[in-house]
Each structure stands twice: as structure tokens, then as C-alpha cells.
Amino acid sequence: MNDIETIVARVEKAKKDIAHGYADWRDLGFALADTLGEQGRTYYHRLSQFHPNYTQKETNQQYTKCLKSKGNGITIKTLYHLAKSANIDITTKVPPVPKVPTSSNPQNGETGESEEIEDSEEIKPLPTIPNTIYQNLPTFLQQATAKATTAEDRDLLLLGSIVAISPCLPNIFGIYAERNVYPNLFLFVTAQASAGKGRLTLCRKLVEPIHKALREQSKAEKAEYQQQLTEYNATTKNTVGADPRVRPQEPPMRMLIIPANNSATGLFQILNDNKGIGLIFETEGDTLAQTFKSEHGNYSDGFRKAFHHETISYNRRKDREYVELETPRLSALLSGTPKQVATLIPNAENGLFSRFMFYYMNILPIWKNVFAGDHDQTLDDYFRHLGNQFYDFHKSLQQQTTPLRFCLTPQQQNDFNTYFSQTQSQYLYLCGIDYLATVRRLGLITFRIAMILTTLRIMETGEIPTPVAEPPHPVAERSRSARTTNAPLTCTNTDFQTALELVKILIQHATKIFETLPDEVKPAKQPNQKQLFLENLPKEFSRQDYLTTAQTLNIPPKTAEKHIAKFVQNNLLNHYAHDKYKKT
């Protein structure tokens, strides 16, 4: 599948229609259906889109026909053939490292002959977000990703933009598991040095106007406070028994972007000063990790609570005051190397791992043209302009007198529950109870992404739901006759599917991150026999086939039969005919 993604991405970059005529187009569908089943539908659209008469409906109908056709004999080799015929590079391995001679200074009988350097291992890139997702994004996110130079760069700008603006959508909420939730998200982008994760700094510029406006307000309030304090001191200097209650109160420290290098009390105080809202933005993930290790900087517990808007309590040393921070709405955008992930999250059991979205960047041995796009408007200028647009939108949401509730349609709720119920069953059986937290929090993350996408649609239409009268709650609000609330922000099917597709990609990246954690900090467990058995089964097989596979793995026949029954029960296999099985 990684190879197919690589080929399709190259076709998209070249913007070529590789199917010359209906027969080629049909066979391309057969090839994808034979290898990927339903998962190949997205690739079929991505490869078909460059035909002048492409339509989504007709392409869907054709691919459905290909799925229903059995035994056509066409394999994935057809994709490679059509791509090669269109002059698309179909190689999927890194070229071997050339032979480099060692030092030609023989000593003590050394011959100085050349030695071969071992070939590089094959790079297996993780999937990037499909091109069809970008075509359906809200306009603001399309603009934020328009300057990307590669598929991964585009993914970085999309995810970074979504997370950066997630704490900046005031008066937006949804109800999930019978509790109010807000759009806040946590993201960790990881890659080796020089892979390009530094582009995340552009996403910060989308919210810098909000941060700067808060800082200016804070400076003005500080100056006014200093003046009032001077006047108070002058008035009470010679007054015996002056009332301390009239002493001017120190103003709050207003900001959006909170430094990670902070004490626990310092962070919570800043959040409290800003009504619980904040964004931790660090391009070096170990900054936060080292803070957690310090004596007064370990706010990991509050960090985890903030993800679910749980109350955080702390003591202010200055005034010996006990403070409860209700409904914190903290977002976090971090980047770093895989080792920095392990430093921050030593294992998957402390809860931080399941709260983060992860994106693992593949480092490609390709030199980037550093002079491309050399014109008057820099990327910094471009993103500052987008930031000013978003600031205006942010202010319009602030002016709403009643909160806007985001919701899914009944059908979307049903599809949501069906997908995550199935995914949870699969992970529970294959990976055990430790993965349940990750899957369940991915459900909340999906809901929040959909909330952000739906809210950004208001920027396009300018239409905010109008207030409507809501009857009083029979118990909780007997004292109130009625209240005014806004009509709900209902998610479109496009944004719902976009959120689901994003999370399907992020699940694979999270798995990769978990695998990169050092062995000594991973939870100790035995090799996963069930998952190994499933991976080694052919795409379609019979009883004799799976018994043969089981024998190679030293799995007893009765145990293999038990596994197969469980795979079918958990929708990992389709028992579609007598003695015929197929991977789903």
C-alpha cells in the first residue's frame, strides 16, 4: 500500500491521466479492487481526476462494478504498467549508495582497495493525507496549505493550522459523551533532523495577531495599574488604618501562546488569567519534557486534565490562595525527533500518548530547490495575511452573546459509532486492553476536528446561526422560564468524512510512533501471535491455506481455527462462502 501511495502521489504531481481510453480505466479499477478492495476507491478517484470528463458519481459507479467482479485476472501490475507508460517513475526503493573508496594510504600491508558500503534499507513511507481531502477543505485551510511543496509539507501545514486555531474559536462547543467539549487538540510532529518539521512555525503566524492583541491589552492594563498604585500609595502614606480593600488589584497576564518552559503554578496562573484558554507551541519537544522533569515544572497531570477540560486546582504562593481552574481549554503543538517523543512520553501507559495526534515525517533523500518561489511575498508575509483574516473571524465569534453548539446529524452519529465500535473491537483483539484509550480518545479527536471544519465554514458564508427560544429544562432550570440559544452548527457530510479520513491516517502514524519508542521504555509484552498470524494470511484463502500459514508460525491447528473464528467475529475477515475467506 505504501508503494501504491508513492506511485499515485507521483501521478498527482505530474497531473497526468494514465488511463488512455475506457479499457485502461476499467482495468485500473480492477487492479485497485483486486489488491485493496474498498480502500482502493480513494486511489481510483485520485488517478481518475485528471481525465477531462471526470465525475465523482461515474467514478464511484465504475469502481463499485470492479469490486463486484470476481476472478478478472487483473492485478496491481496494471497500475505500474499504466504509470510507466505515462513516463511516471515507478521505482519505490532508495537507490543503493555508490561504492566509495577508502583511504588510499596503505600501511602495514593494507592494499588500499575500495570497500563497498552496504545498500540503504528500503524506505517504507507512511501514508500521507489523500489529495481528495484537500479539495473538500474549508477555503481558509485550502489557503493555508496552498504553498506546500510536497505531500508531507501539505499535511504538516494542514494539521498544524487546525491545532493552532483550535483554542481560538470562542463560543463554540459540542456535547460528547454527555459532556461539553471544545475544539482543543494536541499534536506532536516527529521526524529526524532536517526533515522539514520547522515549517510548523508558519502555523503560529495564523494566531499571532490574537496573541499580540492580548499582550497589548495586558501592557495597557499594567500601565494603568501602576498609575493607580502610585496614587494609592501617595494617598495612604500618611493615613493611619487605611482600608487595604481599596488597593488596586494587579491585572491579569493576558496571552494566547504560553511558553512550555514554565513552572506548574506559572502555567496554571496564566491559564486562569486567560479564562482557561491557551496554546503551548514548541518546535523542540524536549523543552516540555525537561520542564516535566524539573522540581516545580511537572504539570503533566494538569496537562492531561486539560485535554478533557477537567478542573485543575493549585495554590498561589504569593497570596496563599487556593485556586480552581474550571474548564481549561488548552491546546498543544509540539515537534521533535523520535527520541524527544520518548523523553516526553516514556510509555503509552501514562495517558499522554493517547491524548496526542501524531504525525511521523518520512525523510526523503531529495535536495529541495531553496530558490523556488523567490518573489516579493515571502511565506511569512503570506501567513501573516491569513492570520489577520482569522483574527477578524475570531473577533466576530467573540461578539456572539450566546454559545454556538456543534452537532452531528443522526446518520453521522450512527456512522461514527459504527466505525469506532468496529475499530475498538479490532484493536482490543489484536493489541489488547492497552490500546483502548488510544482508540477512544481518537473518537473525541475526530469530533473536535469536525467541529473546527464546520466552524471555519462560517468564514465562507458569513452566516452565524440565529438565536431561537429554548424551553426550560424540567428540573435543572425551573427558576427560568426560557432561555435564548443559537441554532446548532450542523456538520456537513463532507466535513464529517474529512475528519474520519484524517483520523484513519493518524492512527497509522500513531502506531509508527509507538514502535519507535525505545525497547527499554515500552510496556513489556510477549510477541503478538494473533496479529502476526493475521498479517501472514493471504488476501483470500481457504482452510488449508490458513492451516499451512499457522504451521509456519508454530500455531496449533485448533488455535488457528479459534483465531480465524475470532477474526471473522471482529470483522477482520469476511467468510463470504464455504471454505472461502477474505481480509477486510
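Below is a short write-up of the structure.

1. Remarks on the pairing of strand β3 (residues 186-190)
Reasoning step 1: For β3, a buried count of five out of five residues is recorded, marking the element as mostly surrounded by other parts of the structure.
Reasoning step 2: Neither face of β3 is open: one carries Phe-186, Phe-188 and Thr-190, the other Leu-187 and Val-189, and all of them are buried.
Reasoning step 3: Taken together, the five bridges between β3 and strand β8 (residues 329-336) define a ladder with parallel strand orientation. Pairing of Phe-188 across the sheet is with Leu-334, part of β8.

2. Focus on the nonpolar core
Within soluble globular proteins, side chains that are nonpolar generally end up buried alongside one another.
Reasoning step 1: Of all hydrophobic cores here, the largest spans 108 residues; its most connected members are Tyr-299, Phe-303 and Phe-390.
Reasoning step 2: Here this core gets 12 residues from one element, more than from any other, and that element is helix α18 (residues 436-461).
Reasoning step 3: Setting aside residues up to four positions removed in sequence, Phe-303 forms contacts with Phe-186, Ile-280, Leu-288, Phe-292, Leu-330, Ala-332, Leu-352 and Phe-356.
Reasoning step 4: Grouped together as the second largest cluster of nonpolar side chains are 25 residues, Ile-7, Leu-28, Phe-30 and Tyr-44 included.

3. Thoughts on the packing of helix α21 (residues 543-552) against helix α22 (residues 557-569)
Reasoning step 1: Across the interface, α21 lies against α22 with an axial gap of 10 Å and an inter-helix angle of 120°. In terms of axis orientation, α21 runs oblique to α22. Crossing geometry of α21 relative to α22 is assigned as right-handed. Contacts from Arg-543, Tyr-546, Leu-547 and Ala-550 in α21 reach Pro-557, Ala-560, Glu-561 and Ile-564 in α22.

4. Some thoughts on the sheet that holds strand β1 (residues 172-176)
Strand pairs in the sheet, formed through backbone hydrogen bonds, run parallel or antiparallel to each other.
Reasoning step 1: Reading across from one edge, β2-β1-β10-β13 is the order of the four strands in this open sheet, with mixed pairing throughout. Unpaired on one side and paired on the other, β2 (179-181) and β13 (489-490) mark the two borders of the sheet.
Reasoning step 2: Across three bridges, the pairing between β1 and strand β10 (residues 404-407) is parallel. Looking at the pairing, Ile-172 lines up with Leu-404 of β10.

The rules we used
Residues numbered from 1 in each chain as written. Predicted model: local features only at pLDDT ≥ 70, side-chain atom pairs only at ≥ 80, totals over all residues. Heavy atoms only, no water. Buried < 20%, exposed > 50% of the residue type's maximum accessible area, 1.4 Å probe, protein only. Helix = DSSP H or I, 4+ residues; strand = E, 2+ residues; numbered from the N terminus. Pairing = 2+ DSSP bridges. Core = buried A, V, L, I, M, F, W, Y, C linked by side-chain atoms within 4.5 Å. Contact = heavy atoms within 4.5 Å. Axes fitted to C-alpha atoms, helices over the stretch in contact; angles between N-to-C directions. Parallel < 35°, antiparallel > 145°, perpendicular 65-115°, else oblique. Left-handed = near helix turned anticlockwise from the far one by under 90°.

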